[in-house]
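Listed below are the residues making up each chain.
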Amino acid sequence: MELGVMVGALVDGLGLSAWIFVVTLVGSLPLGIVVALCRMSSFKPLSLLAQFYISILRGTPLMLQLMAFMFGPYYLLGMNMGTDWKFGACAVGFILNYSAYFAEIYRSGIQSIPKGQYEAALVLGYSRSQTFFKIVLPLSSAILAVIGLYYFVGHWNDFMTGLIYITDDTKQPLQVVLQQLLLVAQGTGTNVNAVAQQ
């Protein structure tokens with residue numbers, strides 16, 4: 001495979017991946033906050049429902065969830081979603097999955113604030129919303145950033161599992177394509193599949 005063809009395929013895939021990434025973040029970040037607040041709610045049924053949601057979406061493989069959203073409407077409900085549903089199923093699957101992870105990130109960041117900070121806010125006469133926005137959120141932002149970075153690195157390293165699911169020789173996970181580009185640039189380029197199987 002020539003370098004120009006690989007770069008073109010990489011740019012096309014990168015554009016679609018970037019669009020899915022933006023849609024996923026726009027949908028999952030706010031939904032994650034809602035789920036985290038439900039999970040921390042003192043209303044037990046709501047907290048248990050959020051905990052169940054988080055457990056199911058974090059405990060099942062994302063590929064299984066994507067397949068369920070893609071094929072479930074047809075096989076379970078008899079609805080023909082058409083070929084345009086592929087992107088919608090992908091977006092819904094990613095948004096729901098990532099919101100469960102973000103909910104746990106938010107919850108752990110918010111609950112990491114010492115109880116003394118809440119007591120200090122109470123003494124100063126802050127309302128619950130003032131406490132959250134003026135004390136809890138600024139203090140937990142560094143923790144949330146570190147946890148988010150750790151989560152991103154974990155998912156980046158997990159992208160190699162795409163090799164299990166990809167059967168088309170012209171498509172490879174991003175890491176394999178980048179490795180192939182480096183090998184070609186160094187003059188030691190080999191077949192992409194040979195590199196992927198190492």
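For the structure itself, look to the data block above.
About the criteria used
Residues numbered from 1 in each chain as written. Predicted model: local features only at pLDDT ≥ 70, side-chain atom pairs only at ≥ 80, totals over all residues. Heavy atoms only, no water. Axes fitted to C-alpha atoms, helices over the stretch in contact; angles between N-to-C directions. Helix = DSSP H or I, 4+ residues; strand = E, 2+ residues; numbered from the N terminus. Parallel < 35°, antiparallel > 145°, perpendicular 65-115°, else oblique. Contact = heavy atoms within 4.5 Å. Nonpolar A, V, L, I, M, F, W, Y, C, P; charged D, E, K, R; others polar. Left-handed = near helix turned anticlockwise from the far one by under 90°. Polar contact = N/O pair within 3.5 Å; in protein donor to acceptor, adjacent residues only side chain to side chain.

Structural notes on the packing of helix α1 (residues 3-39) against helix α2 (residues 44-59)
Two elements in contact, α1 and α2, have axes whose closest approach is 7 Å; the angle formed by their N-to-C orientations is 130 degrees. As far as their axial angle goes, α2 and α1 are oblique. Note on element contacts: α2 touches α1 through Leu46, Ser47, Ala50, Gln51, Tyr53 and Ile54, opposite Leu31, Val35, Cys38 and Arg39. Across the contact of α1 with α2, the residue classes tally to seven nonpolar, two polar and one charged.

Re the packing of α2 against helix α4 (residues 85-111)
Their axes nearest at 9 Å, the elements α2 and α4 cross at an angle of 120 degrees. One element, α2, and the other, α4, form an angle in the oblique class. Crossing of α2 against α4: the hand is left-handed. Packed against α2, whose contacting residues are Tyr53, Ile54, Leu57 and Arg58, the element α4 presents Leu96, Asn97, Ser99, Ala100, Tyr101, Ala103 and Glu104 at the interface. The residue makeup of the contact of α2 with α4, split by class, is seven nonpolar, two polar and two charged.

Quick look at the side chain of Glu104
Mapped onto the secondary structure, Glu104 falls in helix α4. Here the side chain of Glu104 touches Arg107 through a polar contact of 2.8 Å, side chain to side chain. Apart from residues no more than four positions distant in its own chain, Glu104 is found in contact with Arg39, Ile54 and Arg58.

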